[in-house]
Amino acid sequence: MKKTLLPRLFAVLLLALAAGCNPPKYAAYESINKDFTASVPWGWQVMTDQQDNDFSQATFIGPFDPDFYLGAPSFSVRWYRRYRPHRLTDGRLEMYSGADDFIKQALAQVYGPEYFLLTLEGKASYENTKGTEIIPEITLKQSGLKAKAFTVESATPAPEANKWGISAQAGTDRPFVLRKHAYVLVPVEDGFYVLTYPATERGYQTYLDKFAGLMGSFMPRTAGPGGAKIRVPGPKAS
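Every value quoted in this text rests on a predicted model; they were computed, and no experiment measured them. (Residues numbered from 1 in each chain as written. Predicted model: local features only at pLDDT ≥ 70, side-chain atom pairs only at ≥ 80, totals over all residues. Heavy atoms only, no water.)

(A) Summary view of unusual backbone geometry. Of note, the bond from G112 into P113 is cis; its omega dihedral lies within 30 degrees of zero at 5 degrees. By the element assignment, P113 lies in the loop between α2 (99–111) and β9 (116–118). The phi dihedral of D52 is positive, around 50 degrees, even though this residue is not glycine. In this structure, D52 sits in the loop between β4 (45–51) and β5 (55–61). Owing to a relative accessible area of 60%, D52 belongs among the exposed residues under this scheme. (Helix = DSSP H or I, 4+ residues; strand = E, 2+ residues; numbered from the N terminus. Buried < 20%, exposed > 50% of the residue type's maximum accessible area, 1.4 Å probe, protein only.)

Okay, here's the thing in structure tokens:
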């Protein structure tokens, strides 16, 4: 398994500052495996992780924000090959048959038994119905690919040592994190990509527009690292 931390996405930031220009909102990012491209927030750090060609992850980390857990807003793009196990940092294994299986397992094991499902904009909600929820499908702006998109809201106890992104439970003042995590799952041949925005309820709106920029610009080139080339429908004519 390989991990890489890059201090900045692009050194050309120095050129922009030297020229007295305001930096752009987004930077064009190409994965280290060249399997996808996307627009990511300018100046955010990037950390990568990989397990052979079965799993990969690029995490984009923004500036300190006290409304986010551990003070760190972030996005990530993960790749999962179907039926291939991936070992988590705590030693547990995860494996999925596809995007729907990922959703089912995440809702049950990460957020269950009590959670609420919302659209990315938070305009409609779907209360927990024991794994029978219907996840909305969207069309990605640039690629034209179909994706399943939703936000899940759920509370979890907070470690006492952490003081960022924490709320106090009414009546007890016990610390907890009110998670508001956005997901966009893009099924492709032999696997699927997962775009995530793990926010809190307080911080969610702050970077939602930037997550929408990542989501809309996401363009897979191959089915994961070393996978077959992907032909995408492309954007629809207006």
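(B) Fine view of the nonpolar core. Counting 34 residues, the largest nonpolar core has F60, V184, V186, Y193, L195, Y197 and F218 as the members making the most contacts within it. Elements represented by at least two residues in this core include exactly β3 (36–41), β5, β6 (74–81), β12 (146–157), β14 (175–188), β15 (191–200) and α3 (208–217). Look past the residues within four positions of F218 in its chain and what remains in contact with it is F36, T37, A38, V77, L140, S143, V186, Y193 and L195. (Core = buried A, V, L, I, M, F, W, Y, C linked by side-chain atoms within 4.5 Å. Contact = heavy atoms within 4.5 Å.)

(C) Quick look at the side chain of S217. Tracing the chain through its elements places S217 in helix α3. Within the structure, the side chain of S217 is placed 3.2 Å from the backbone oxygen of L214, a separation counted as a polar contact. If we ignore the near neighbours within four places in the chain, the residues touching S217 are T37, A38, S39 and Q142. (Polar contact = N/O pair within 3.5 Å; in protein donor to acceptor, adjacent residues only side chain to side chain.)

(D) Highlighting the environment of A155. Looking at the secondary structure, you find A155 in strand β12. Take A155: its relative accessible area is 48%, and that puts it in the partly exposed class. The spacing of A155 and G112 is 43 residues in sequence and 9.8 Å in space, taken between C-alpha atoms. If we ignore the near neighbours within four places in the chain, the residues touching A155 are F176, V177, L178 and R179.

(E) Molecular detail of the pairing of β14. Most of β14 is tucked away: 10 of the 14 residues are buried. By the bridge criterion, 10 bridges tie β12 to β14 in an arrangement that is antiparallel. Along β14, the bridge assignment pairs T156 with V177. Bridge count between β14 and β15: 10 bridges; the pairing is antiparallel. Paired with Y183 across the strands is T196, a residue of β15. Here β14 folds back onto β15, and the loop between the two strands holds two residues, one of which, D190, carries a positive phi near 75 degrees. (Pairing = 2+ DSSP bridges.)

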